[in-house]
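Fold and geometry: a report
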Amino acid sequence: MNKLHVNHNHYAKICFLIYIHMTMKTSQLLLATTRETPADAEVISHQLMIRAGIIRRLAGGLYTWLPLGVRVLRNIEQIIREEMNRAGAQEVLMPVVQPSELWEESGRWQQYGPELLRIKDRHQRDFCLGPTHEEVITDMVRKEIRSYKQLPANYYQIQTKFRDEIRPRFGVMRSREFIMKDAYSFHLNRECLEQTYQVMYDTYHRIFERIGLDFRAVQADTGSIGGDGSHEFHVLADSGEDAIAFSSASDFAANIELAEALAPTGPRPLPSQALTEVATPNIHSIEDVCQFLSVQASQTLKTLLVLGANEDNPVIALVLRGDHEVNDIKVEKHPLVASPMTFASADQIKQVCGCDAGSIGPVGLTIPMVVDRAAAHCADFVCGANKSGFHLTGVNWDRDVQPGLVTDIRNIVEGDPSPDGKGEIQIKRGIEVGHIFQLGDKYSKALNANVLNEHSRAQILEMGCYGIGVTRVIAAAIEQNHDDKGIIWPDAIAPFQVCIVPMQMHKSPRVAKAVEQLYDSLQKQGVSVLLDDRDERPGVMFNDMELIGIPHRIVIGERGLDQQQIEYKHRRDAEPQNIAEAEFISFLMAQLNK
RNA sequence: CGGAGUGUGGCGCAGCCUGGCUAGCGCAUCUGCUUUGGGUGCAGAGGGUCGGGGGUUCGAAUCCCUCCACUCCGACCA
């Protein structure tokens, strides 16, 4: 009995807290809207976040979240928490500041560049601000998890990260400090990892669907972090920094860096021209060559010299069609080429080819040559003559030069066949908001994270890691949902679901009474409401509410009350509609549950 | 890292080249009036060591030196 009573009080207290959090009057809220667009904000989401009073810049790549912004953040975090918990993950919270020892154990203290912000404490001990938490979580697991019976396990946190970006820009889209949900799973074997990976893949779909974003999961490169399977989750937006290749006919989607460029179909055309050397004084770039010789870029070949992976072949030639771009990720995977891909110096070029960069070509080269599939399919092409100021025309493989190693080393382009054999490639831009990896044993091995298996043998764990850029999701949501008046929040993450804009409330007791009544009953229904109780002109209030993107707007004025009506308009509607006062609450609840 | 640029009330800018009254303007803020279904109008007020330091000069926001901060562009040329 006593216990129940206590619980009841506790429950009432929680309700009260939520109550306060849900509703608000503008007179109590830091509504920091501005009429003018900041000069340094380049993308629309950054401009609107500042104008709507969501963030303020403190220093380069560092932002303060104002009350309105925090409400959006919390909404997103809540969705993520619910879905992660539902997927069986457990929440933890790890330090932002991390000791160098762990990073030395994993080898990343040396590997990471200046992006890792290193600091010393008063005892001159080395620390860093965590750009990610593989080391810390692996350390936790190796200390806490002893038995295979405790596996699999998935731990996540929602926490601040710091990466000292070369050039922070676009507001919170590429900031130095940002909030991330990162999760790390641990398994006895790869099959188990793959299962959890699939669960996370599905969970991410649920999360981004609930937030209300138009997104795609795409196959991605595993990057420097290592491992096998990886998907990126991209919000589609023209301002996105990443290019994604889609098939027009199937659900194939991959980061442009990873999508395989297939060989052109059909046999290579037969030679029809004679090999000719032409003088091309001061002509270097493909563009110049095309203009000078009146040929298409696709009829030319460019030859790049990069450093080799071993001393036997210090310089390697890469041959691509003039209109194609080299893909350094693909190139670095080639056994002959040094990783990271590094261009040969001018001196090395001179030594190997006997000419300047700009006149290099495959004909007569004695170093190993890696030829792109599309380049290998060209006939009667133009290329450098390995003689400064000269090019060759009418060049043909086999007849004039052996193609050597033919493979895929370029970026896929629009119109290429889809790698899965269905349809053509289309390219769209996306904002990366999530990334999931099968890490394997990279960190668990380095940090010796093992458990005893059923045979009482120590066994290194398999790991997966799963990130969501929480703050970036907000910017991406705005990029995707705005108009010339401001933000249009998806309902699930809006700082308030509903706003009430009263007309002349401070002069009309009748309006004031109707407004208070509605505000109270919506509060009781658990609706998150913002009441604009400022003594401002209607235009000011309308503009502010539209700028900050509240999805549902209620207007109460003498005019409507005379006819027992209340005005409703969704942020996306062109025109408001008048609803009978008596039915208004049920009407609104129906709108909210749409 | 390379290149370009900026720093003047809370924000956005003018003034600087050609040194000289009391450093201006717009927005925002405060007061009063006005107005009230789409950023209204009028009047008034507060708020600045002109990024820091040094120098030239009778006199420096302005010219010179130096330091700092920030922003933008570039980092595949073949």
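The coordinates are above.
Looking at the pattern of salt bridges
Close approach of charged atoms allows side chains with opposite charge to pair. On inspection of all chains with the given rule, the structure shows 36 salt bridges. Two residues, Asp139 and Lys143, come together in a salt bridge whose shortest N-O distance is 2.9 Å. With a gap of four residues between them, Asp139 and Lys143 both fall in helix H6 (residues 134–144), about one helical turn apart. The structure contains a network of salt bridges with shared partners spanning Glu82, Glu83, Arg86, Arg206 and Arg210.

What about the sheet that holds strand E28 (residues 529–531)?
The strands making up a sheet are joined through hydrogen bonds of the backbone, oriented either antiparallel or parallel. The strand order across the open sheet built from six strands is E1-E28-E27-E29-E30-E31, with neighbouring strands paired in mixed fashion. Strands with a single pairing partner mark the edges of an open sheet, and in this sheet they are strand E1 (24–25) and strand E31 (577–580). Pairing of E1 with E28 involves two bridges; the strand directions are parallel. Each residue of the ladder has a partner; that of Lys25, found in E28, is Leu531. Sheet strands in contact with helix H17 (residues 584–592) are strand E27 (498–502), strand E29 (552–556), strand E30 (565–570) and E31, and its direction is about 10° off that of E30.

As for the sheet that holds strand E18 (residues 381–384)
Within the open sheet, the three strands sit side by side as E14-E19-E18. Their pairing is antiparallel. Where the open sheet ends on each side, the last strands, each with one partner, are strand E14 (276–279) and E18. Pairwise comparison of adjacent strand axes, ignoring direction, gives a mean angle of 30° for this sheet. Where E14 and strand E19 (residues 390–395) come together, four bridges link them in antiparallel fashion. Residue pairing for E19: Thr276 is matched across the bridge by Thr393.

Structural notes on unusual backbone geometry
Cis geometry is found at the peptide bond from Leu151 to Pro152, where omega equals -5°. Examined against the element boundaries, Pro152 turns out to sit in the loop between H6 and strand E8 (153–162). Of note, Asn448 is a non-glycine position whose phi angle comes to about 55°, a positive value. With respect to the helices and strands, the residue Asn448 is situated in the loop between helix H12 (442–446) and strand E22 (450–452). Asn448 gets classed as partly exposed once you look at its relative accessible area, which sits at 48%.

With respect to the protein's contact with RNA strand B
RNA strand B sits among 38 residues. The nearest are Arg167, Phe343, Gln504, Glu546 and Glu567. In the model, a phosphate oxygen of RNA strand B is placed 2.7 Å from a nitrogen or oxygen of the Arg35 side chain. Secondary-structure elements contributing two or more residues to the surface near RNA strand B are strand E15 (301–307), helix H15 (538–547), E29 and helix H16 (558–561). Per-element tally for the surface near RNA strand B: the top contributor is H15, with seven residues. Tallied by class, residues from the surface near RNA strand B come to 13 nonpolar, 11 polar and 14 charged.

With respect to the pairing of strand E9 (residues 177–187)
Burial runs high along E9: 10 of the 11 residues are buried. As judged from the 10 bridges shared by E8 and E9, these two strands associate in the antiparallel manner. Bridge pairing in E9 places Ile158 opposite Lys181. Note that E9 and strand E24 (residues 462–469) share eight bridges and pair antiparallel. Across the sheet, Ala183 pairs through a bridge with Tyr466, a residue of E24.

With respect to the nonpolar core
If you look at the biggest cluster of nonpolar residues, it comprises 67 residues, and the most contacted ones within it are Met49, Ile76, Tyr204, Phe208, Ile211, Ile474 and Trp489. Residues in contact with Tyr204, not counting those within four places in the same chain, are Lys181, Phe233, Gly434, His435, Ile436, Tyr466, Gly467 and Ile468. By size, the runner-up hydrophobic cluster in this structure holds 27 residues, among which are Leu151, Ala153, Phe437 and Met463.

Brief notes about the side chain of Thr23
For Thr23, the position within the fold is in the loop between helix H1 (2–22) and E1. Its relative accessible area of 6% is what places Thr23 among the buried residues. In this structure the side chain of Thr23 is engaged in a polar contact, spanning 2.7 Å, whose partner is the side chain of Gln523. Apart from the residues lying within four places of it in its own chain, the contact partners of Thr23 are Phe496, Tyr519, Gln523, Val527 and Val529.

So, the side chain of Glu479
Along the chain, Glu479 turns up in helix H13 (residues 470–480). Polar side-chain contacts of Glu479 include one of 2.7 Å to the side chain of Ser45. With residues up to four places along the chain from it excluded, the contact list for Glu479 reads Val43, Ile44, Ser45, Met173, Ala237, Ser239 and Ile431.

Remarks on the packing of helix H2 (residues 44–51) against H13
Viewed as axis vectors pointing N to C, H2 and H13 meet at an angle of 105°, and their least axial separation amounts to 8 Å. The angle between H2 and H13 places the two elements in the roughly perpendicular class. On the side of H2, the interface is formed by Ile44, Ser45, Leu48 and Met49, while H13 contributes Ile474, Ala475, Ile478 and Glu479. Residues of the contact of H2 with H13, tallied by class, amount to six nonpolar, one polar and one charged.

Focus on the pairing of E19
Burial runs high along E19: five of the six residues are buried. Taken together, E18 and the strand that follows it, E19, pair antiparallel across an intervening segment of five residues, in which Asn386 is found at a positive phi of about 60°.

Side note on the environment of Leu62
Within the element layout of this structure, Leu62 appears in strand E3 (residues 62–65). A residue is classified by how much of its surface remains accessible, and Leu62, at 19% relative accessible area, is buried. For the pair Leu62 and Val172, spaced 110 residues apart in sequence, the C-alpha to C-alpha distance is 8.1 Å. Once residues within four sequence positions are removed from consideration, Leu62 is found in contact with Arg56, Arg57, Phe162, Arg176 and Glu177.

So, H15
Considered for burial, the residues of H15 that qualify are Met541, Asp544, Met545, Glu546 and Leu547. On its buried face, H15 sits against H2, strand E26 (486–487), E27, E28, E29 and E30. Looking one or two residues beyond H15, the residue adopting positive phi is Gly549, at roughly 75°.

Parameters and conventions
- Residues numbered from 1 in each chain as written.
- Chains lettered and ligands numbered in written order.
- Predicted model: local features only at pLDDT ≥ 70, side-chain atom pairs only at ≥ 80, totals over all residues.
- Heavy atoms only, no water.
- Salt bridge = Lys/Arg side-chain N within 4 Å of Asp/Glu carboxyl O.
- Helix = DSSP H or I, 4+ residues; strand = E, 2+ residues; numbered from the N terminus.
- Pairing = 2+ DSSP bridges.
- Contact = heavy atoms within 4.5 Å.
- Axes fitted to C-alpha atoms, helices over the stretch in contact; angles between N-to-C directions.
- Buried < 20%, exposed > 50% of the residue type's maximum accessible area, 1.4 Å probe, protein only.
- Near = heavy atom within 4 Å.
- Polar contact = N/O pair within 3.5 Å; in protein donor to acceptor, adjacent residues only side chain to side chain.
- Nonpolar A, V, L, I, M, F, W, Y, C, P; charged D, E, K, R; others polar.
- Core = buried A, V, L, I, M, F, W, Y, C linked by side-chain atoms within 4.5 Å.
- Parallel < 35°, antiparallel > 145°, perpendicular 65-115°, else oblique.

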